[in-house]
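Per-entry structural report
Spelled out from the first residue to the last, the chains are:
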Amino acid sequence: MERHLAKIVILTGAGISAESGIGTFRDKGGIWSRYDVKDVATPEAFARNPDLVYEFYNMRRAKVREAVPNAAHFALAELEAARDVVLITQNVDDLHQKAGSRSVIHMHGAHRTALCGACGARWDAPLEMSRRDVCPECAACSVRPDVVWFGEMPYHMDRIAAALETAEIFVSIGTSGNVYPAAGFVQQARRFGAHCVELNLEETEISDGFHETRRGPAGEVVPAWVRQIVG
């Protein structure tokens, strides 16, 4: 197989944005060590205390707007310009787009959009979201962050499944390997014959499922891997 010409499917997680100042979730000192997921990232939490959920995501949205891409984001944009790439991210930041990636599948939603819980409309999210906001399409007071909460189905799963079935190379970057369905992507891709590569700071629970693993900060290992692919 000529890997430098292959269709490449890439999954990115919180680790790729850590060097841009976007906190990870499950590491020591990560976001879920400071906030209880049950209080800010479930439909039940939003129904119980919407003001707290708005406050949490307003804080996260402001942090993301200030962040700039790092070398790993720019390297993947370079790869997309040179090869046939499908880029899937678990992240809700827009650092891939800021770096120049044109087609990003946000399986967990995005901070930059708001969602109407009544009619499903989406629009650019304000910096500060509150329960007073109304949907520009149906005027309902059902505005929420356009992110996938625990207990909800990730977005674009049909597109992702089709990409994994046709991948010749599958690459997982900066993911914990703890969150499904994303943690199962390596097995799906491998089942269809993909060469599977993990680029991560440390070993994960799914590292054994990859043909090849490379350890180190995303800003170092991702550009090095891209240089090998692009030449």
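Residues numbered from 1 in each chain as written. Predicted model: local features only at pLDDT ≥ 70, side-chain atom pairs only at ≥ 80, totals over all residues. Heavy atoms only, no water.

**Some thoughts on the packing of aromatic side chains**
Per the counting criterion, the structure on display carries five aromatic pairs. Consider the rings of F56 and Y57, whose centres lie 4.9 Å apart with planes at 90°: the pair is edge-to-face. Taken individually, F56 and Y57 each receive the classification buried, so the pair is uniform in this respect. Ring pairing ties together the aromatic residues F46, Y54, F56, Y57 and W149, which thus form one cluster. Positioned above the aromatic ring of Y155 is the side chain of R122, whose terminal nitrogen or guanidinium carbon lies 5.0 Å from the ring centre. Residue placement shows R144 over the ring face of W149; its charged tip is 3.8 Å from the ring centre. (Phe/Tyr/Trp six-rings, centres within 6.5 Å; stacked < 30°, edge-to-face > 60°. Buried < 20%, exposed > 50% of the residue type's maximum accessible area, 1.4 Å probe, protein only. Lys NZ or Arg CZ within 6 Å of the ring centre and 35° of its normal.)

**Some thoughts on the environment of C119**
As for its placement among the helices and strands, C119 is situated in the loop between β4 (109–116) and β5 (122–124). Along the primary structure C119 and Y155 are separated by 36 residues, whereas in three dimensions their C-alpha atoms are 16 Å apart. Those residues in contact with C119 that sit more than four places away from it in its chain are C135, E137 and C138. (Helix = DSSP H or I, 4+ residues; strand = E, 2+ residues; numbered from the N terminus. Contact = heavy atoms within 4.5 Å.)

**So, empty space enclosed by the protein**
Summed over all chains, the structure comprises two cavities of 30 Å³ or more. By volume, the largest cavity amounts to about 70 Å³. Lining of the largest cavity is provided by 15 residues; of these, L11, T175, G177, A182 and A183 occupy positions nearest its centre. Going through the elements one at a time, β7 (169–173) and α8 (185–191) are the ones with two or more residues in the lining of the largest cavity. Residues of the lining of the largest cavity, tallied by class, amount to nine nonpolar, six polar and no charged. Estimated volume of the second largest cavity: approximately 60 Å³. If you trace the second largest cavity, you find ten residues lining it, with I22, R60, N91, V92 and D93 closest to the centre. Considering only residue class, the lining of the second largest cavity consists of five nonpolar, three polar and two charged. (1 Å grid on protein atoms, 1.4 Å probe; cavity = no way out; pocket = protein on both sides within 12 Å on 5 of 7 lines; lining within 4 Å. Points joined across faces, edges and corners; volume = space filled by probe spheres on them. Nonpolar A, V, L, I, M, F, W, Y, C, P; charged D, E, K, R; others polar.)

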